[in-house]
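# A look at the structure
Okay, here's what each chain looks like letter by letter:
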Amino acid sequence: MTTMRPLFHEIFLFLFLLLSFASASGVGSQRLATPQEEQEETINHLKQIAYSNPGSPASIDAWRQILSEDIDPKNLEAHVMLGWMLMATPPHQEEGIRLLENSFNEEKVSPTIDYNLPQTYIIAATIGRYRSQMHEYHKARKFTKIALELSKVHDNNDGGDLCIQMQLANMYDWFPNSTQAADDAITSMLSYSDKILSQDGNNDISWPVKDAEIAQMFPGASNDPYVHCSLMPFYLSFYYRADVALMSSNNYEMARRGWPKLNTTAKFVKTYDEEEEHPCINRKIRLAFISGVLTEGHSNSESFKGVLSRLDRNIFEVTYVFLAEQGDTRIADFTKEHAADRRFVWTKTPGDVGNGAWTTKWGNKIASWKMDIIFYFDLTMSTFARRLGMQRLAPVQVNSIGHPITSGHDRSVVQYFISWAAAELPLEESQAHYTEELKLMPSDIVYMYYDRRVLDGEISRMDKMPFGGLTRSDLGVPLKNHFYLCMQKPFKFHPEVDTLFCGIMTKDPDGWLVLHQEVSPDNQEVFEKRLKHAGCDLSRIVFLKQQPHHRLLALYREAAVVLDSYPAGGDTTTREVIEMGKPLVTLPARLLGGRWSLGYLSNIGLKEDTKRALIASTPEEYVDLAVQLGTDDTLREAVEADLRECSSNLFHREEAVAAWQEMFLEISPYQRCQEGSENEKVLHEEL
């Protein structure tokens, strides 16, 4: 996520620009709508204070005084100047952005900002990027589109600023107010990306983003122009109606052209590609596991640690690389279990600022290791990993289920996506969802080696806190009525789920619904309006903020039924619900992220009746199954008993380790030499 705090010299440069803007527009000399000459003198005096030391507390206070109700609350100059200064100060960014937004609103200022000034273009772009960062789609899109139109004039370019075009081409509606709105967002993105990628009619054209220019022009862009311009496709995993392979591919293609230095292939990989036959090796297969979230307790670490720590070190040489993008540099404990494994924690340095392709320095380092396979957990979660994955640094590069969506990278760069057949549609259908070649783990096993997350004595392994004594009163849920629970984060609540939730409430007038509250007040308002429109009784819905893990486990225990979100469902949460022996109703969707629950429920030995009680095939059946479990105590108790009996089958599955090991051997660019094979060509290499 880009920071909105520009460097001091950028602030002062822009303030001087705004001085000329105020003078040119006549704002600085505008006469207030008050007859008292004393007030005008007061304003001029306060301006002198404000301009004498821009950015200082005295300057900020002077602008605030001008905007007070008894002086001139609609003063455009004060809105712009104070807004710009506050926007550059993290604790006050939101206030600053709102003041800048006001400058475009005739109800808030008089006159409104002059669209003919180049500063207006920068202000609009800054507002749009900030609102994008805050996941406020409509405001982000509004101001980014204003900036694009203004850039066409000021850049003398019919297409407009390339960076701004890329933002619009990658701007998801993070919390759409309807299914149609979600579809419209995809249509808009495709329109912008098609236009960008068809420029000059040459699919191979390389039109670099001008990093230095972007960094100087836009506040916040100086840290990393790539992050500023190329928004991540993380939210694509929740857009189940979209052509996800096309969308992710467009994101990759724009980045590839925008920062062509990322399009590199290691020298030893080129040599490998040129060889007609590949010799066998008398050494271990070199595996590098790279992730931007390789921290203790992260869901990706929890998923992969059991398998990776149990790979046969007589066959594999293992290296872990943690790309610490979010500030936490503590690598997950499981990476330290084998003394011979190599571990690297890399962070961005001051020398990397201002260069969108700075990850090539890491690429050069990795290339020197001559890895056989590079395995990425999360190419659509980390901007560091995404750029590193654009570089071909090993003969075989793999994307996987750390985030259940295709990378979009060309198959010549990232060859495989490894998934689980039990959670995918048949291969001939699911392959269309990936730019990589889809490789599937067996459908008849639990495909990971999982550890329990609930310890004896009703204690959470994740936060080490007991939950057995927590009551409904402690948890803030209905004291007497039974309730349906879905604590998935609300960005997974696509509008398609609204009718499911509300259908349950309509069919069960005594039941309550407990949902995760959205962090953004604006998005929470959208969510509540959606639910009301879909027929929900909001008086029977409890919204809870994100809960500590032990309290979440207590919520599972108290719920009559846990509802899987749709169309993006649970993975870690589903395993927790099963471990707690609680019924979870799921409606498998089209893409991997909406089919984890189906995979788990199908592979732990449940009775057929239990599976039929939990796995729906239509929205209507989802509602029916949930209500049947919520209102029929005998049915629910039978399902819970079967879940408790079979839940242990989720954990400590050695066959998962064997399956992953077999997969790595299958995709390895080199086969290991067999003992006694004297005539085999053996690879000789120097590191």
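Computed from a predicted structure; not experimentally measured.

### Section: the pairing of strand 2 (residues 316-323)
- With 7 of its 8 residues buried, strand 2 lies for the most part within the structure.
- As paired strands, strand 1 (residues 285-291) and strand 2 are joined by 7 bridges and run parallel to one another. Counterpart to I285 in the pairing with strand 2 is F316.
- Between the parallel elements strand 1 and strand 2, the chain passes through helix 14 (residues 299-308) in a crossover that is right-handed.

### Section: the sheet that holds strand 10 (residues 483-486)
- In space, the 5 strands of this open sheet follow the order 12-11-10-13-14, with parallel pairing throughout. With partners counted over all chains shown, the strands left at the sheet margins are strand 12 (541-544) and strand 14 (584-585), one partner each.
- The sheet contact formed by strand 11 (residues 512-516) and strand 12 spans 4 bridges and is parallel. Of the residues in strand 12, the one forming a bridge with V514 is V542.
- Sheet strands in contact with helix 19 (residues 498-507) are strand 10, strand 11, strand 12 and strand 13 (561-563), and its direction is about 155° off that of strand 11.

### Side note on the environment of L614
- Residue placement: L614 occurs in helix 24 (residues 608-614).
- Look at L614 and you get buried, because its relative accessible area is 1%.
- Separated by 30 residues in sequence, L614 and L584 place their C-alpha atoms 6.2 Å apart.
- When neighbours within four sequence positions are excluded, L614 is seen to be in contact with P583, L584, V585, T586, L601, L625, L629, V639 and L643.

### Re the state of the cysteines
- According to the stated counting rule, one finds 3 disulfides in the structure shown.
- Between the sulfur atoms of C280 and its disulfide partner C673 the distance amounts to 1.9 Å. Disulfide C280 to C673: torsion about the S-S bond roughly 90°, handedness right-handed. With C280 in the loop between helix 13 (267-274) and strand 1 and C673 in the segment after helix 27 (654-667), this pair connects stretches of sequence that are 393 residues apart. C673 carries the same exposure label as C280, and that label is buried.
- Bridging C502 to C536, the disulfide has an S-S length of 2.0 Å. Handedness of the C502-C536 disulfide follows from its S-S torsion of about -110°: it is left-handed.

### What to know about the packing of aromatic side chains
- Considering all chains together, one arrives at 43 aromatic pairs under this definition.
- Ring plane angle 75° and centroid distance 5.6 Å describe the contact between W362 and F384, whose orientation is recorded as edge-to-face. Separated by 22 residues along the polypeptide, W362 in helix 15 (residues 360-369) and F384 in helix 16 (residues 383-388) bring together distant segments of the chain.
- Here W362 falls in the buried class, since its relative accessible area comes to 5%.
- Residues W420 and Y600 carry aromatic rings whose centres are separated by 5.3 Å and whose planes lie at 50° to one another, so their mutual orientation is tilted. Separated by 180 residues along the polypeptide, W420 in strand 6 (residues 416-420) and Y600 in helix 23 (residues 596-601) bring together distant segments of the chain. Here W420 and Y600 have matching classes, each one buried.
- Cluster of aromatic residues (ring-pair linked, three or more members): F289, F304, F316, Y320, F334, F375, F377, W660 and F664.
- The ring of Y449 carries R310 above its face, with NZ or CZ at 3.7 Å from the centroid.

### Quick look at unusual backbone geometry
- The omega torsion of the bond from S110 to P111 falls at -5°, within 30 degrees of zero and hence cis.
- When you line up the elements, P111 lands in the loop between helix 5 (93-102) and helix 6 (118-133).
- At K370, a position not held by glycine, the phi torsion is positive, near 55°.
- With respect to the element layout, K370 can be found in the loop between helix 15 and strand 4 (373-376).
- A relative accessible area of 22% means that K370 is categorised as partly exposed.
- In this structure, H652 takes a positive phi of about 60° despite not being glycine.

### Points about the pattern of salt bridges
- Taken as a whole and judged by the stated rule, the model has 38 salt bridges.
- Between E302 and R461 there is a salt bridge whose closest N-O contact spans 2.5 Å. Taken as a pair, E302 in helix 14 and R461 in the loop between strand 9 (459-460) and helix 18 (472-475) lie far apart in primary sequence, 159 residues in all.
- Accessibility expressed as a relative area gives 5% for E302, which makes it buried.
- Assessed through its relative accessible area of 16%, R461 is described here as buried.
- Here D633 makes a salt bridge to R636, at a shortest N to O gap of 2.7 Å. Taken together, the residues span about one helical turn, with D633 and R636 both in helix 26 (residues 633-646) at a distance of 3 residues.
- Residue D633 is classed as partly exposed on the basis of its relative accessible area of 42%.
- With a relative accessible area of 15%, R636 lands in the buried category.
- The network of salt bridges with shared partners includes E302, K305, D451, R453, R461 and E576.

What counts, and where the lines are drawn
- Residues numbered from 1 in each chain as written.
- Predicted model: local features only at pLDDT ≥ 70, side-chain atom pairs only at ≥ 80, totals over all residues.
- Heavy atoms only, no water.
- Buried < 20%, exposed > 50% of the residue type's maximum accessible area, 1.4 Å probe, protein only.
- Helix = DSSP H or I, 4+ residues; strand = E, 2+ residues; numbered from the N terminus.
- Pairing = 2+ DSSP bridges.
- Right-handed = clockwise from strand over helix to strand, strands pointing away.
- Contact = heavy atoms within 4.5 Å.
- Axes fitted to C-alpha atoms, helices over the stretch in contact; angles between N-to-C directions.
- Disulfide = S-S within 2.5 Å.
- Phe/Tyr/Trp six-rings, centres within 6.5 Å; stacked < 30°, edge-to-face > 60°.
- Lys NZ or Arg CZ within 6 Å of the ring centre and 35° of its normal.
- Salt bridge = Lys/Arg side-chain N within 4 Å of Asp/Glu carboxyl O.

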